[in-house]
Amino acid sequence: MTSHWVHAAAAALLLAIPGVSRAEPLSSLDCPSEPSSIVVLGDSLADGLWGSFYRAFIRCDQVTVLRRTTVSDGLAKTSPEEWMTRLGPEAQNADLIVVQIGANDITNIREGTTRHTFGTDEWRATYQDRAERLVTALQGTAPQVVWMGLPIVGQERFEPSYREITALQEAAVTAAGAKFVDTHEPTTFGGDEFVMTAQYDGSMRQMRVTDQVHFTELGYDVVAGLLHGDVEKIFSAGDRAAGLDGLTLQ
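This text gives an overview of the structure that appears in the document. Quick caveat: nothing in here was measured; it's all calculated off a predicted structure. (Residues numbered from 1 in each chain as written. Predicted model: local features only at pLDDT ≥ 70, side-chain atom pairs only at ≥ 80, totals over all residues. Heavy atoms only, no water.)

### Quick notes on the overall build of the chain
Secondary structure assignment for the chain yields seven helices and nine strands. Looking at the chain residue by residue over its 250 residues, the buried ones come to 46%. Taking the contacts inside the chain whose residues are at least 6 apart along the sequence as the reference set, 72% of them involve residues at least 24 apart. (Helix = DSSP H or I, 4+ residues; strand = E, 2+ residues; numbered from the N terminus. Buried < 20%, exposed > 50% of the residue type's maximum accessible area, 1.4 Å probe, protein only. Contact = heavy atoms within 4.5 Å.)

Encoded structure:
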């Protein structure tokens, strides 16, 4: 009887442990036959995301992954026009631009001599306008722009503000006709709350680092996997275009 209860308790514990859903990792994609360029733009969260893209495609001679990230910066501190200047000429031929920004945006916005206090209606309107101006400008640079929202974080004092920032970003991106990806639920890694570790390939793995905002390499790889379908499409589009050109020349 004791053994039965022990096994039952163990089974219940396993069911309670969050597990990562099996989204395809970027590394599972075949290398394209035609050149493809991906730009990752944003703050330190985006920098970790860039690392995932770089690791996934370093094996692919035809893929360029451009790092356009600035740690400790954001849209509240820096205008969308300044972010655009950071792209540089190499990014002008990008096939995909991935944006993740906002972790440093729980702060006031200054525009000339005007200061918009964080959390006010004026701040919200200004922030959403900045996000919409940035995504619209990026759409003029690349045929596909994907904006990723902020993840769930372990520091509860940040959570309401991060959720509000994400909502403003989503409204702006949707209004501009670009794609927005909400990362809040996926970064519970199969649970319904913040976790540091989760089951992955049958074992418990660390997904978040000690600041409870950023991720381990594996955690970033799982987040980057949310864009598997988007990257697959740009690779396939390039290969199809090359095939059609070949048919035309024959």
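Here the narrative resumes.
### Here we look at the pairing of strand β2 (residues 63-69)
Among the seven residues in β2, five count as buried, and that is most of the element. Here strand β1 (residues 36-42) runs beside β2; their pairing, made up of seven bridges, is parallel. Bridging from a neighbouring strand, serine 36 pairs with valine 63 of β2. Running through helix α2 (residues 44-57), the crossover from β1 to the neighbouring parallel element β2 is right-handed. (Pairing = 2+ DSSP bridges. Right-handed = clockwise from strand over helix to strand, strands pointing away.)

### Description of the state of the cysteines
Evaluated as defined, the whole model comprises one disulfide. Disulfide pairing is shown between cysteine 31 and cysteine 60; the S-S distance is 2.0 Å. Disulfide cysteine 31 to cysteine 60: torsion about the S-S bond roughly -75°, handedness left-handed. Taken together, the residues cysteine 31 in the loop between α1 (2-16) and β1 and cysteine 60 in the loop between α2 and β2 connect sequence positions 29 residues apart. Take cysteine 60: its relative accessible area is 3%, and that puts it in the buried class. (Disulfide = S-S within 2.5 Å.)

### Description of the environment of phenylalanine 57
By secondary structure assignment, the location of phenylalanine 57 is in helix α2. On the basis of relative accessible area, phenylalanine 57 is assigned to the buried category, the value being 2%. The spacing of phenylalanine 57 and cysteine 31 is 26 residues in sequence and 7.6 Å in space, taken between C-alpha atoms. Once residues lying within four places of it in the same chain are set aside, the contact partners of phenylalanine 57 are Leu26, Leu29, Ile38, Val63, Val65, Val231 and Phe235.

### Quick notes on the pattern of salt bridges
Under the counting rule described, the total for this entry stands at twelve salt bridges. Close ionic contact of aspartate 221 with arginine 55 constitutes a salt bridge, the shortest N to O distance being 2.8 Å. Of this pair, aspartate 221 sits in helix α6 (residues 217-224) while arginine 55 sits in helix α2, and the two are 166 residues apart along the sequence. According to the relative accessible area criterion, aspartate 221 is partly exposed, its value standing at 29%. With its nearest N and O atoms 2.9 Å apart, the salt bridge here joins aspartate 73 to arginine 86. Placement of aspartate 73 in the loop between β2 and α3 (80-85) and of arginine 86 in the loop between α3 and β3 (96-100) is noted, with a sequence separation of 13 residues between them. A relative accessible area of 7% places aspartate 73 in the buried class. With relative accessibility at 24%, the residue arginine 86 sits in the partly exposed group. (Salt bridge = Lys/Arg side-chain N within 4 Å of Asp/Glu carboxyl O.)

No statement about biological role is implied by the geometric values presented.
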